[in-house]
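Letter by letter, the chains look like this.
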Amino acid sequence: ECILLVDDETEVAGTFRRQLLRLGYRVDAYTSSLTARERFNAAPGRYDLAVLDVVMPDLNGQDLAESLRALRPDLPVIFCSGYSPDRLILTGKAAEILEKPVDPGVLARQVRTALDSAATSLT
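Overview of the structure. All figures in this text were calculated on a predicted structure; none of them were measured in a lab. (Residues numbered from 1 in each chain as written. Predicted model: local features only at pLDDT ≥ 70, side-chain atom pairs only at ≥ 80, totals over all residues. Heavy atoms only, no water.)

Digging into helix α3 (residues 61-71)
This is how the line gets drawn: Per-residue accessibility, obtained with a 1.4 Å probe over protein chains only, is compared with the maximum for each type, and a residue is labelled buried under 20%, exposed over 50%, and partly exposed between these values. Put simply, DSSP H or I for four residues or longer makes a helix, DSSP E for two residues or longer makes a strand, and each gets a number counted from the N terminus. Arc, as used here, means the arc of the directions from the helix axis to the C-beta atoms. We call two residues in contact when some of their heavy atoms are within 4.5 Å. Here a polar contact means two N or O atoms within 3.5 Å. Within protein one must be a hydrogen donor candidate and the other an acceptor candidate, and residues neighboring in sequence count only if both atoms are side-chain atoms.
Turning to α3, its buried residues are Gly-61, Leu-64, Ala-65, Leu-68 and Arg-69. The arc that holds every buried residue of α3, seen down its axis, measures 130 degrees, which confines them to one face. Against the buried residues of α3 lie β1 (2-6), α2 (33-42), β3 (49-52) and β4 (77-81). Of the residues flanking the start of α3, the one acting as N-cap is Asn-60, its side-chain oxygen 3.0 Å from the backbone nitrogen of Gln-62.

Spelled out as structure tokens, the structure:
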């Protein structure tokens, strides 16, 4: 399974990437939401899940998620943010919101849950 990971903080993106790689996932990590969107647009079928920061320059996580779902309405999304929004409006299935710092065990469980839920809805 391949995860699109986007966080504008290099250290955070690197930490999440290492955690997810250790769990056996393929991870494409980006610190630029615009670059991530370009890569996703080039191969939307490559990704099984998007893990996104909420507050980022150029294109925030919510807008990025909407643009990803314009191509892949079924794409599961997990937001990880130090900013605690009351709620995020997202077209399609609701996204999970994890507050930073994210416990590695919580991240692992939420990623697995999102992927399993997406696989179940396809069958």
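Digging into helix α1 (residues 10-22)
The cut-off we apply is this: Expected span, for any helix, means 1.5 Å times one less than how many residues it has.
Its 13 residues give α1 an end-to-end C-alpha distance of 18 Å, which sits within 8% of 18 Å, the value for a rise of 1.5 Å per residue. For α1, the complete set of buried residues consists of Val-12, Ala-13, Gly-14, Phe-16, Gln-19 and Leu-20. Once α1 ends, the next one or two residues include Gly-24, with phi positive near 100 degrees.

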